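Each chain, written out:
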Amino acid sequence: MPSPIAFVSRMTVETEAVWKQALRAAMPQEEILSFSELSDSQKQAVDFAIVANPDPADIAALPGLTWIHSLWAGVERLVLELGEKAPPIVRLKDPELSRVMAEAVLAWTYYLQRNMPAYRENQEKALWQELDYRHPGEMTIGLLGLGALGTAAAERLTQAGFNVAGWSRSEKAIAGVETLKGEDGLRALLEKSDILVCLVPLTDATRGLLDAGRLAMMKHGAALINFARGAVIVADDLLAAFDSGRISHAVLDVFEQEPLPTASPFWRHPKATVLPHISAPTSRESSARIVAGNVRAWRQTGSLPETVDMIRGY
């Protein structure tokens, strides 16, 4: 009989119980136990764990782990905390997550394209004023990141009639999308984007990617959507870009500190729309099915899905 699967997280007991219920429903043949439920002998025997921002000490207490499966698509915290000596890590690749993110990108692109922030300000002033309409075909939406999320977003945006350009670390080809790479490609993307959408993973290379220098490369009056990680943008530099008029508005769903502190100037800034990290909520049922499929394949063949490159960070 296979050893139990360890569920290791920093969730509340109540949230962890809901996740375990979904995972057990997806793979009823497996015994899934929280770290706190494992006996000492089980901790020695466990060879696989499902994790959600686990305590590194708990992972270290499972010496027989051959791999771990994250419940999240973003693994930068896991990579940072576990380090290069960690067992192979598989991150969640869920088509439903890509669909939901693409939906959010399109929705908030429309929000900016249709001047909703300006209409909100006019409402507060009791000002009845029609603003010029910008046709999607007259606008370029730039995507920072062309992984699974960026590719899905690009397809939705092109279907909606927007001109779409995208930048990635390695060369990509997407029908109907201008794809760019490298430092020259990044500059070109910033210079042409009317709305820039951040979807890159957080790595050493992308931390602070949008600083004062790169924000200054953007079109005067361009807008920004950040659905990546807060640290991709230097917060003080973005505030300065608001004040200079370089950036007309930013939809911000992610921040370096979450929840966003009440003292943060973003809460009250008229050029910022603050969201509580809701652009692509994880579906428990869909995620559980993905994890279960990967576990079944591993049990049957011994092969692992694609694992995280610990040097690149994703």
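I will try to describe carefully the structure that is included in this document. (Residues numbered from 1 in each chain as written. Predicted model: local features only at pLDDT ≥ 70, side-chain atom pairs only at ≥ 80, totals over all residues. Heavy atoms only, no water.)

### Here's the deal with the overall build of the chain
Moving on, step 1. The number of helices and strands found in the chain is 11 helices and 12 strands.
Moving on, step 2. Here the C-alpha atoms of the chain give a radius of gyration of 22 Å, agreeing with the 20 Å that 2.2 N^0.38 yields for 314 residues.
Moving on, step 3. Buried residues in the chain amount to 48% of all 314 residues.
Moving on, step 4. Taking the intrachain contacts of the chain between residues at least 6 apart in sequence as the baseline, contacts between residues at least 24 apart amount to 63%.
Moving on, step 5. Summed over all atoms, the accessible surface of the chain reaches about 15,300 Å², with 52% contributed by carbon and sulfur.
Moving on, step 6. Where the 31 positive side-chain charges of the chain centre and where its 38 negative ones centre are 2 Å apart. (Helix = DSSP H or I, 4+ residues; strand = E, 2+ residues; numbered from the N terminus. Rg over C-alpha atoms; globule rule 2.2 N^0.38 Å. Buried < 20%, exposed > 50% of the residue type's maximum accessible area, 1.4 Å probe, protein only. Contact = heavy atoms within 4.5 Å. Areas by Shrake-Rupley, 256 points an atom, 1.4 Å probe, with all protein chains shown as cover. Lys, Arg positive; Asp, Glu negative; His and termini not counted. Charge placed at Lys NZ, Arg CZ, Asp CG, Glu CD.)

### Structural notes on the sheet that holds strand S9 (residues 195-198)
Within a sheet, adjacent strands bond to each other through the backbone by hydrogen bonds, running parallel or antiparallel.
Moving on, step 1. What the 7 strands build is an open sheet, ordered S8-S7-S6-S9-S10-S11-S12; its pairing is parallel. Either end of the sheet is taken by a strand with one partner, and the two such strands are strand S8 (178-181) and strand S12 (272-274). Strand-to-strand twist in this sheet, taken as the mean axis angle between neighbours without regard to direction, amounts to 15 degrees.
Moving on, step 2. Looking at chain direction, strand S7 (residues 163-168) and S8 are connected through 4 bridges and run parallel. The residue bridging Gly166 from the neighbouring strand is Thr179, located in S8. (Pairing = 2+ DSSP bridges. Axes fitted to C-alpha atoms, helices over the stretch in contact; angles between N-to-C directions.)

### So, the sheet that holds strand S2 (residues 32-34)
Moving on, step 1. The parallel open sheet is built from 5 strands, whose spatial order is S2-S1-S3-S4-S5. Two strands close off the open sheet at either side, each with one partner strand: S2 and strand S5 (89-90).
Moving on, step 2. Lying on the sheet, helix H1 (residues 13-26) is in contact with strand S1 (5-9), S2 and strand S3 (48-52); it crosses S2 at an angle near 170 degrees.
Moving on, step 3. Docked against the sheet, helix H11 (residues 284-301) engages S1, S3, strand S4 (67-70) and S5, running at close to 160 degrees with respect to S4.

### Looking at the packing of aromatic side chains
Moving on, step 1. On inspection of all chains with the given rule, the structure shows 8 aromatic pairs.
Moving on, step 2. Plain terms: the ring middles of Trp19 and Trp72 are 5.8 Å apart, the flat faces sit at 80 degrees to each other, and that makes the pair edge-to-face. Residue Trp19 is located in helix H1, and its partner Trp72 is located in the loop between S4 and helix H4 (76-82); the two are separated by 53 residues in the primary sequence.
Moving on, step 3. Here Trp72 falls in the partly exposed class, since its relative accessible area comes to 22%.
Moving on, step 4. Ring plane angle 85 degrees and centroid distance 6.5 Å describe the contact between Phe242 and Phe266, whose orientation is recorded as edge-to-face. (Phe/Tyr/Trp six-rings, centres within 6.5 Å; stacked < 30°, edge-to-face > 60°.)

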